[in-house]
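Letter by letter, the chains look like this.
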Amino acid sequence: MFVGTGSDVGKSVIAAAFCRIFKQDGYHPAPFKAQNMALNSYATPEGLEIGRAQAAQAEAAMIPCHVDMNPILLKPQSDHTSQVVLNGVAIGNRDAYSYFRGEGKDWLRREACEAFDRLATRFSPIVMEGAGSISELNLRDRDIVNMPMARHADADVILVGDIDRGGVFASLYGSVMLQTPEDRQRIKGIIINKFRGDLRLFEDGRQMIENLCQVPVLGVVPFLDDIGVEDEDSVVLDKKQRLAKDGKVNIAVVKLRHLSNFTDFNAIEQDHRLNVYYTTEKEQLLRADIIILPGCKATIDDLRHLKEEGVADTIKEAHRRGKTIFGICGGFQMLGMSIDDPRQTEGNAIHIEGIGLLPMSTVMGEKKITCQTEFTLATNSNDMCKDGLKMRGYEIHQGISTPIDKSTYKPLTVKADGTPDGCIADNHCMGTYLHGCLDNAAMVDFLLGQRTTAPFDFAEYKEQHYNRLADHIRKHVDMAKVYDILSRQ
């Protein structure tokens with residue numbers, strides 16, 4: 001199990017690296033995180049919902065993702081409430097106070113342990129991931145995901161610290177010393193992550209940490225720039241550029257307050273033709289050639305905020321200027337005429353008028369739709385679409401969108417079962433429910449209105465980067481010591 005001194009220390013990426021390393025070394029690994037809190041989620045082949053980080057780690061292990069890899073997913077809807085997804089199915093909303101006070105925690109802990117036990121009968125080793133910091137003393141008796149899960153699994157624990165943010169000595173020492181004697185003995189190694197500079201200058205620091213913590217430092221991992229492995233937390237969006245550039249196709253992704261599935265844009269971020277940035281600033285939106293309204297977890301609340309801040313009007317102005325507007329999932333719903341939530345699935349609001357660029361209306365349903373989907377482009381107005389090229393994506397949404405006028409309705413895509421999806425109003429405005437659609441080169445080319453002679457292969461790109469990440473960890477972590485730890489009885 002990889003645990004951390006805090007959030008965003010790199011646990012998810014390191015776990016993905018070890019999934020690939022163990023696979024390369026002839027084992028049959030699988031990832032596991034008992035409880036995830038993230039708006040980035042994914043649909044398993046069975047149509048169940050898990051955290052995107054575990055889906056990426058399964059990809060690194062070269063196996064299909066499964067709901068047992070992340071049995072509990074919390075999807076924040078506001079500062080105080082989250083939708084609880086248990087074993088891949090949404091079971092309702094809970095406020096943070098009642099959830100973290102421990103109501104029903106024994107039941108949830110039991111579900112998480114049973115999921116791990118099922119997974120452990122099929123894979124070995126299980127590469128487990130903790131959450132946040134392991135030294136939150138006020139949450140210790142209610143913790144599901146960190147040391148209590150390690151005890152259940154009888155896992156060897158490796159503590160990850162982020163030296164880039166500063167205070168790594170105190171955070172590592174405090175994280176170890178604040179454990180119970182039993183849990184302290186379970187911590188078998190330390191990895192210092194995100195190092196910048198000459199590693200030789202930290203040799204004395206490495207020895208100091210081992211003396212202080214009485215735990216071996218297994219490796220000091222240099223900061224790895226431009227690694228194409230998916231991040232778990234949307235905090236990474238703050239580190240990405242937010243300005244338009246000359247000489248490229250500029251794509252502005254509207255930075256919603258509850259933006260979800262930001263990995264929808266990982267592929268186009270790597271496309272040499274494109275400059276992708278995240279913004280709500282009017283000038284930067286109007287400079288873009290394409291504006292994308294992404295998915296979100298609080299659609300009505302985020303749409304209201306876009307209207308209050310003038311962003312909705314800016315999007316309409318951009319459309320009048322001939323810019324392309326593209327909505328995905330919640331963004332697709334926002335571009336329609338109206339959104340109704342009679343069951344108050346997402347909050348207290350029941351109705352809101354949409355931005356009004358697509359002739360669709362949306363009603364939030366009782367059942368969440370989660371599935372992987374094969375699809376083709378519905379329009380044949382472009383030569384790229386005539387061969388009916390099959391593409392893949394996935395759906396995670398609560399709402400159902402229907403056309404205002406069925407006689408004039410034009411779907412954007414058609415799913416494998418013949419069901420129409422999305423809507424295209426003109427060559428400059430369209431939307432879809434399909435997350436991951438931009439991982440397909442043909443979809444990107446259609447959005448750009450052109451065919452590329454050398455399409456960007458995102459699947460191959462990810463494979464190269466999983467291997468690159470594994471090589472980086474092998475170079476800087478003592479894998480012989482890791483295997484020695486795992487072989488002890």
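Scroll up to find the structure this text is about.
So, a few notes on the structure that sits alongside this text. Every chain's residues receive numbers from 1 upward, in the order its sequence appears when written. For a predicted model such as this one, the threshold for reporting local features is a pLDDT of at least 70, and the threshold for listing and counting side-chain atom pairs is 80 or more; totals across whole chains, interfaces and linings nevertheless cover every residue. Hydrogen atoms and water are omitted, and side-chain values are computed over all heavy atoms in the structure.

Thoughts on the overall build of the protein
As a reminder of what qualifies: Strands here are runs of E lasting at least two residues and helices are runs of H or I lasting at least four, both read from the DSSP assignment and numbered beginning at the N terminus. All radius of gyration figures rest on C-alpha atoms, and the globule criterion is 2.2 Å times the number of residues raised to 0.38. Think of it in three bands: residues with accessible area under 20% of the maximum for their type are buried, residues over 50% are exposed, and the middle band is partly exposed, with areas taken using a 1.4 Å probe on protein chains only. Only heavy atoms matter for contacts: two residues are in contact if any of them lie within 4.5 Å across the pair. In short, Shrake-Rupley with a 1.4 Å probe defines the accessible areas, and a residue's cover is counted only from the protein chains shown. In this count, Lys and Arg are taken as positive residues and Asp and Glu as negative ones, while His and the chain termini are left out. Where a charge sits is defined by one atom per residue type, namely NZ (Lys), CZ (Arg), CG (Asp) or CD (Glu).
Along the protein, the regular secondary structure elements total 16 helices and 24 strands. In terms of overall dimensions, the protein is globule-like: its C-alpha atoms have a radius of gyration of 23 Å, near the 23 Å expected for 489 residues. Once the C-alpha set of the protein is aligned to its principal axes, its extents read approximately 70 × 50 × 40 Å. Counting across all 489 residues of the protein, residues that qualify as buried make up 57%. For the protein, contacts bridging at least 24 residues in sequence account for 73% of all contacts bridging at least 6. Per element, the accessible surface of the protein, about 20,500 Å² overall, is 49% carbon and sulfur. In the protein, the 57 positive side-chain charges and the 68 negative ones have mean positions that sit 0 Å from each other.

Some words on the nonpolar core
For clarity, the cut-off: Only buried residues count toward a nonpolar core. Its members are Ala, Val, Leu, Ile, Met, Phe, Trp, Tyr and Cys residues joined through side-chain atoms within 4.5 Å.
Ranked by size, the top nonpolar core spans 82 residues in total, and within it Phe18 and Ile192 carry the most contacts. Here the element with the most residues in this core is helix H1 (residues 11–24); it accounts for nine residues. Apart from the residues lying within four places of it in its own chain, the contact partners of phenylalanine 18 are Phe2, Val127, Ile191, Ile473, Val477, Met479 and Val482. In terms of nonpolar packing, the next biggest core, distinct from the first, is built from 61 residues, Ile300, Leu306, Tyr433 and Val444 among them.

A short note on the sheet that holds strand E12 (residues 217–222)
Each strand in a sheet pairs with its neighbour through backbone hydrogen bonds, running either in the same direction (parallel) or in the opposite one (antiparallel). In plain terms, the rule: One bridge is not enough; two strands pair if DSSP finds at least two bridges between them. Comment: axis = line fitted to C-alpha atoms, over the contacting stretch for helices; angle = value between 0 and 180 degrees taken between N-to-C directions.
Across the sheet, which stays open at both edges, the four strands sit in the order E1-E10-E11-E12 with parallel pairing between neighbours. Only two strands of the sheet have a single partner each, and these edge strands are strand E1 (2–4) and E12. Strand-to-strand, the axes of this sheet are offset by a mean angle of 25°, without reference to chain direction. The sheet contact formed by E1 and strand E10 (residues 157–162) spans three bridges and is parallel. Within the sheet, the bridge partner assigned to glycine 4 lies in E10 and is valine 160.

Brief notes about the sheet that holds strand E16 (residues 324–328)
The strand order across the open sheet formed by six strands is E14-E13-E15-E16-E24-E23, and the pairing between neighbours is mixed. The sheet terminates laterally at strand E14 (274–279) and strand E23 (423–426), the two strands that pair on one side only. This sheet shows a mean twist of 15° between the axes of neighbouring strands, independent of strand direction. With four bridges joining them, E16 and strand E24 (residues 429–432) adopt parallel strand pairing. Residue pairing in the sheet places phenylalanine 326 in a bridge with methionine 430 of E24. Against the sheet, helix H14 (residues 441–448) makes contact with strand E13 (249–254), E14, strand E15 (290–293), E16, E23 and E24, and its axis sits at roughly 145° relative to E16, the strand it touches most.

Some details on helix H11 (residues 299–308)
Defined as follows: This arc is built from the directions going out from the helix axis to the C-beta atoms.
When H11 is considered as a whole, its buried residues turn out to be Thr299, Ile300, Asp302, Leu303 and Leu306. Projected down its long axis, H11 shows its buried positions confined to an angular sector of 165°, all on one face.

A few points about H14
Most of H14 sits out of view: seven of its eight residues are buried. Of the positions making up H14, those classed as buried are Ala442, Met443, Val444, Asp445, Phe446, Leu447 and Leu448. Positive backbone phi, approximately 75°, marks glycine 449, located one or two places after H14.

Some words on unusual backbone geometry
Residues serine 124 and proline 125 are joined by a peptide bond in cis, for which omega reads 0°. Tracing the backbone shows proline 125 in the loop between helix H4 (105–120) and strand E9 (126–128). Its identity is not glycine, yet asparagine 261 carries a phi of approximately 55°, on the positive side. As for its placement among the helices and strands, asparagine 261 is situated in the loop between E13 and helix H9 (266–269). With relative accessibility at 2%, the residue asparagine 261 sits in the buried group.

Brief notes about the packing of H1 against helix H2 (residues 52–60)
Each pair of packed helices gets described by two things: the angle between the helix axes and the distance between those axes. Filter applied, for reference: The scheme is simple: roughly parallel for angles under 35 degrees, roughly antiparallel for over 145, roughly perpendicular for 65 to 115, oblique for anything else. Note on convention: the crossing is left-handed when the near helix lies turned anticlockwise from the far helix by less than a right angle, right-handed when the turn is clockwise.
Packing of H1 against H2 brings their axes to within 7 Å, and their N-to-C directions diverge by 25°. Of the possible angle classes, the one that applies to H1 and H2 is roughly parallel. Both H1 and H2 take part in a crossing whose hand is right-handed. Taken together, the residues of H2 that come into contact with H1 (itself represented by Ser12, Ala15, Ala16, Cys19 and Arg20) are Ala53, Gln57, Glu59 and Ala60.

Some words on empty space enclosed by the protein
We apply this condition: Cavities and pockets are defined on a 1 Å grid built over the protein atoms alone: a cavity is a set of grid points where a 1.4 Å probe fits but cannot escape, while a pocket is an open set with protein on both sides within 12 Å along at least five of seven lines, and lining residues are those with an atom within 4 Å of any such point. Grid points are joined across faces, edges and corners, and a volume is the space filled by probe spheres set on the points. Each residue is assigned to one of three groups, with Ala, Val, Leu, Ile, Met, Phe, Trp, Tyr, Cys and Pro labelled nonpolar, Asp, Glu, Lys and Arg labelled charged, and all others, Gly among them, labelled polar.
Across all of its chains, the model carries four cavities of 30 Å³ or more by this definition. Of the pockets and cavities examined, the largest cavity occupies roughly 180 Å³. Lining the largest cavity are 19 residues, and of these Cys296, Lys297, Ile396, His397 and Gln398 sit closest to its centre. Sorting the residues of the lining of the largest cavity by element identifies helix H13 (330–334), strand E19 (360–377) and strand E20 (391–403) as the ones contributing at least two each. At four residues, E20 tops the list of elements feeding residues into the lining of the largest cavity. Split by residue class, the lining of the largest cavity holds four nonpolar, 11 polar and four charged. For the second largest cavity, the full set of lining residues is Ala267, Ile268, Asp271, Arg273, Leu438, Asp439, Asn440, Ala441, Val444 and Phe456. Within the lining of the second largest cavity, the residues separate by chemical class into six nonpolar, one polar and three charged.

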